[in-house]
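The primary structure of each chain is shown beneath.
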Amino acid sequence: MIRAAFDAIRDSAPAVLPSLLLCDFGDLKGEVARLAEAGTRVLHLDVMDGHFVPNITYAMPIVEGLRRHTDLPLDVHLMISDPLTYAKPMVEVGADLLTFHVEAVQDPVETAQRIGELGVAVGVALNPKTPLEKLAGCESHVDMVLVMSVEAGVGGQQFAPVSLEKLRALKDKHPDLLLEGDGGINANTIGPARQAGCDLFVVGSAIFRRDDLDDYGEAMEELTAAINAAGGKERMGQS
Ligand code: DX5
Ligand code: ZN
């Protein structure tokens, strides 16, 4: 029941979603177990095709392997040029939420509708330089909008504050729409993102590049504490 998985994603908010890009791919099963132990409720998978973005990561075989080793919902970020071609194969190997980039498609509304017809939850992502107008109304046809706070393609970049204005504008216009932020999110930037209306926080280097912390649990606690300090459980933007 894929929609049940999306309900679990929505119900996890506000939540930190570790991004599987900077993790130890030589021990993926162990990494997922450690992340679950650290309190992770949703995994964010960064799929890159080396065409839409100048980086190549992984696709269906890894998603299928992850599916066999975790019940956590899989939030799959498609940084690829042809999301419609790979949507069905991704659903078949266990993706629970598929997010395509508005910059990669001609017709975002049609793309959202056709991915949604597969029974999977649908997200649309936009890079920092892409104005909200490019969504062309597809936000009414998706389950989530992913507001990138870095240019898609690489972990470890600096947070782009323009994402805060977009989060605020989206939350004002669509108070019930689930919003996800991704890129440069750490203990300093997660609070402003929360106050701008973000519900799900994708984190890479602030979890996986932390020599100052002993385990992923400490990073998750630090990030969750920063969310709570900024506005905790209640959904922002609702009167
Ligand atoms: C970048 C990915 C992000 C990235 C986040 O293209 O979509 O999920 O891995 O990494 P940090 O948190 O290090 O910016
Ligand atoms: Zn991502």
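Residues numbered from 1 in each chain as written. Chains lettered and ligands numbered in written order. Predicted model: local features only at pLDDT ≥ 70, side-chain atom pairs only at ≥ 80, totals over all residues. Heavy atoms only, no water.

**Student:** Please explain the overall build of the protein as it appears in this structure.
**Tutor:** Broken down by element type, the protein carries 9 helices and 8 strands. Expected size for 239 residues packed as a compact globule is a radius of gyration near 18 Å; at 16 Å, the protein falls within 12% of this value. In the protein, buried positions account for 57% of the 239 residues. When contacts within the protein are restricted to residue pairs at least 6 apart in sequence, long-range pairs at least 24 apart make up 68% of them. (Helix = DSSP H or I, 4+ residues; strand = E, 2+ residues; numbered from the N terminus. Rg over C-alpha atoms; globule rule 2.2 N^0.38 Å. Buried < 20%, exposed > 50% of the residue type's maximum accessible area, 1.4 Å probe, protein only. Contact = heavy atoms within 4.5 Å.)

**Student:** What is the right way to look at helix α6 (residues 162–173) in this model?
**Tutor:** Owing to its 3.6 residues per turn, the α-helix brings residues three or four apart onto one side. Here α6 contains 12 residues, and its C-alpha end-to-end distance of 17 Å stays within 8% of the 16 Å for a straight helix at 1.5 Å per residue. Looking at the buried residues of α6, the elements they touch are β5 (121–126), β6 (144–148), β7 (178–182) and α7 (190–195). (Expected span 1.5 Å × (residues − 1).)

**Student:** Can you walk me through the coordination of the zinc ion (ligand 2) in this structure?
**Tutor:** In a perfect tetrahedron of four donors around a metal, the angles come out at 109.5 degrees. In a perfect octahedron of six, they are 90 or 180 degrees. For the zinc ion (ligand 2), the protein coordination sphere consists of H44 (NE2), D46 (OD), H77 (ND1) and D182 (OD), at 2.1 to 2.3 Å. Coordination at the zinc ion (ligand 2) is octahedral, judged from the 6 donor atoms that bind it and the angles of 68 to 173° they form at the metal. Counting residues between consecutive donors of the zinc ion (ligand 2) along the chain gives the motif H-x1-D-x30-H-x104-D. One end of the pair, H44, is in strand β2 (residues 43–48); the other, D182, is in strand β7, with 138 residues separating them in the sequence. (Donors = N, O, S within 2.8 Å, 3.2 Å for Na, K, Ca; no water. Tetrahedral: all angles 85-135°; square planar, octahedral: opposite > 155°, others 65-115°.)

**Student:** Could you clarify how one ought to interpret the site of ligand 1 in this entry?
**Tutor:** What surrounds ligand 1 is a group of 21 residues, the closest being G153, D182, G184, G204 and S205. H77 places a polar side-chain atom, nitrogen or oxygen, 3.2 Å from an oxygen atom of ligand 1. Here an oxygen atom of ligand 1 and a side-chain polar atom of S205 are 2.5 Å apart. Judged by the fraction of its atoms near the pocket grid, ligand 1 is located in the largest pocket. Counting only elements with at least two residues in the shell around ligand 1, the list comes to β2, β3 (74–79) and β8 (200–203). In terms of residues, the shell around ligand 1 owes the most to one element, β2, which gives 3 residues. Considered class by class, the residues forming the shell around ligand 1 number 9 nonpolar, 10 polar and 2 charged. (Near = heavy atom within 4 Å. Polar contact = N/O pair within 3.5 Å; in protein donor to acceptor, adjacent residues only side chain to side chain. 1 Å grid on protein atoms, 1.4 Å probe; cavity = no way out; pocket = protein on both sides within 12 Å on 5 of 7 lines; lining within 4 Å. Sits in = over half its atoms within 2 Å of the grid points. Nonpolar A, V, L, I, M, F, W, Y, C, P; charged D, E, K, R; others polar.)

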